[in-house]
Amino acid sequence: MFGLNPGDRVLAVAPHPDDETLGAGGTIARLTAAGITVHVLAVACLTQPRWGAPTDSRLRQEEFNAACDVLGVADRRIAFSDTAPARDLGGHLAELIRLIEAGPDLSLAALEPAALLIPAAGAVHQDHQVVHQAAYAASRPSGNLRHWPRMVLGFRGPEDHAWGRELPRPTVWVDVTATAAVKDKALECYARELREGDHPRSLERIRAIDSATGAACGAERAEAFVAYRMAC
């Protein structure tokens, strides 16, 4: 996939635990099945009411670990949990850039990944916009970096597909038909974060989005990405 070989590393940066699965779960499962090592950095998690029900960071960590295990993810981490940056990512943009660029474990400097998956520009949610800005800035080619990834791809969440008005058109499609069941199983780990009925975050709507995306590339189910860098 993407010209990557077994043993190559990929870093996925997700605004919150669940965004890695919502936006790129099928692709991550394909990568790990091909022997490519995927690491996931989830940026922020808060203990707060959600969808009218209580949630807390401990449960979110458990859900995150379970979903990553299903997808075959190697290392995973939540960077900011119930801290000031988690409550205001925009006010800690420089700190977030440094974390992605040169943090001690799941960072570009520590992992030297061949590819980086990030939220696409134009996301509906403000936190996703901030994480896009930070990851895009951290991955820029620079003489001050020990490493920068040769591939940077932006993924979109279900709300972006449904409500996004200024999303860039995707330029890369990944056939995830073979790993769709794995993605569905990982999504079930986040059952408390999903919605019901016609909401974009319902399991039925997520499957429908993947099916519609697959129609663009002749696949049963697919995920689409914006290519910010593709260097072979």
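Starting from 1, residues in each chain are numbered consecutively following that chain's sequence as written. Where totals are concerned, whole chains, interfaces and linings use all residues; where local detail is concerned, this predicted model gives features only for residues with pLDDT of at least 70, and gives and counts side-chain atom pairs only at 80 or more. Hydrogens and water are ignored here; the side-chain numbers use all heavy atoms of the structure.

Another point: the overall build of the chain. Helix and strand counts for the chain stand at nine helices and nine strands. Our radius of gyration looks at C-alpha atoms and nothing else; its globule reference is 2.2 Å times the residue count to the power 0.38. Taken over C-alpha atoms, the radius of gyration comes to 16 Å for the chain, in line with the 17 Å a tight globule of 232 residues would show. With the C-alpha coordinates of the chain rotated into their principal frame, the extents come out at 50 × 40 × 35 Å. Exposed residues in this analysis have more than 50% of their type's maximum accessible area, buried residues have under 20%, and partly exposed residues fall in between, with area computed by a 1.4 Å probe over protein chains only. Looking at the chain residue by residue over its 232 residues, the buried ones come to 53%. Segments assigned H or I by DSSP are reported as helices when at least four residues long, segments assigned E as strands when at least two residues long, and all are numbered from the N terminus.

Moving on to the side chain of Glu 63. Inspection of the secondary structure assignment puts Glu 63 in helix α2 (residues 57-71). Classification of Glu 63 by relative accessible area gives buried; the value is 8%. Pairs of N or O atoms within 3.5 Å make up the polar contacts considered here, provided that, within protein, one atom can donate a hydrogen while the other can accept it, and that residues adjacent in sequence are counted only when both atoms are side-chain atoms. A distance of 2.8 Å separates polar atoms of two side chains, one belonging to Glu 63 and the other to Arg 192. Discounting residues that sit within four places of it in the chain, Glu 63 has contacts with Cys 189, Tyr 190, Arg 192 and Glu 193. Residues count as neighbours in contact if any of their non-hydrogen atoms are within 4.5 Å of one another.

This next bit is on the packing of helix α1 (residues 19-33) against α2. Only C-alpha atoms enter the line fits that serve as axes; for helices the fit covers just the stretch in contact. Angles between N-to-C directions range over 0 to 180 degrees. The interhelical angle for the contact between α1 and α2, taken along N-to-C directions, is 35 degrees, at an axis separation of 9 Å. Across the interface between the two elements, Glu 20, Thr 21, Gly 25, Ile 28, Ala 29 and Thr 32 from α1 touch Phe 64, Ala 67 and Leu 71 from α2.

Moving on, we come to the packing of aromatic side chains. Between 30 and 60 degrees the pair is tilted, below 30 it is stacked and above 60 it is edge-to-face, where a pair is any two Phe, Tyr or Trp rings, Trp via its six-membered ring, whose centres lie within 6.5 Å. Following the criterion strictly, the structure yields one aromatic pair and no others. A centroid spacing of 5.5 Å and a plane angle of 80 degrees characterise the contact between Tyr 136 and Tyr 228, whose relative ring orientation is edge-to-face. Residue Tyr 136 is located in helix α6 (residues 126-138), and its partner Tyr 228 is located in strand β9 (residues 222-230); the two are separated by 92 residues in the primary sequence. Tyr 136 gets classed as partly exposed once you look at its relative accessible area, which sits at 44%.

The phi angle at Phe 2 is positive, at roughly 55 degrees, despite the residue not being glycine. Along the polypeptide, Phe 2 turns up in the segment before β1 (9-14). For Phe 2, a relative accessible area of 21% translates into the label partly exposed.

Glancing now at the pattern of salt bridges. Counted as salt bridges are all cases of a side-chain nitrogen of Lys or Arg within 4 Å of a carboxyl oxygen of Asp or Glu. Considering all chains together, one arrives at 16 salt bridges under this definition. Of the charged contacts in the structure, one is a salt bridge between Arg 77 and Asp 105, with a shortest N-O distance of 3.0 Å. Of the two residues, Arg 77 is situated in strand β5 (residues 76-81) and Asp 105 in the loop between α4 (93-102) and α5 (108-111); the sequence distance between them amounts to 28 residues. Judged by its relative accessible area of 26%, Arg 77 falls in the partly exposed class. A relative accessible area of 34% means that Asp 105 is categorised as partly exposed. Note that Lys 183 and Asp 210 form a salt bridge whose closest N and O atoms lie 2.9 Å from each other. Highlighted residues: Lys 183 in helix α8 (residues 180-188) and Asp 210 in helix α9 (residues 203-215), separated in sequence by 27 residues. Pair check on accessibility: Lys 183 and Asp 210 agree, each one buried. Salt bridges linked by common partners bring Asp 18, Arg 60, Glu 63, Glu 159, Arg 192, Glu 193 and Arg 201 together as one network.

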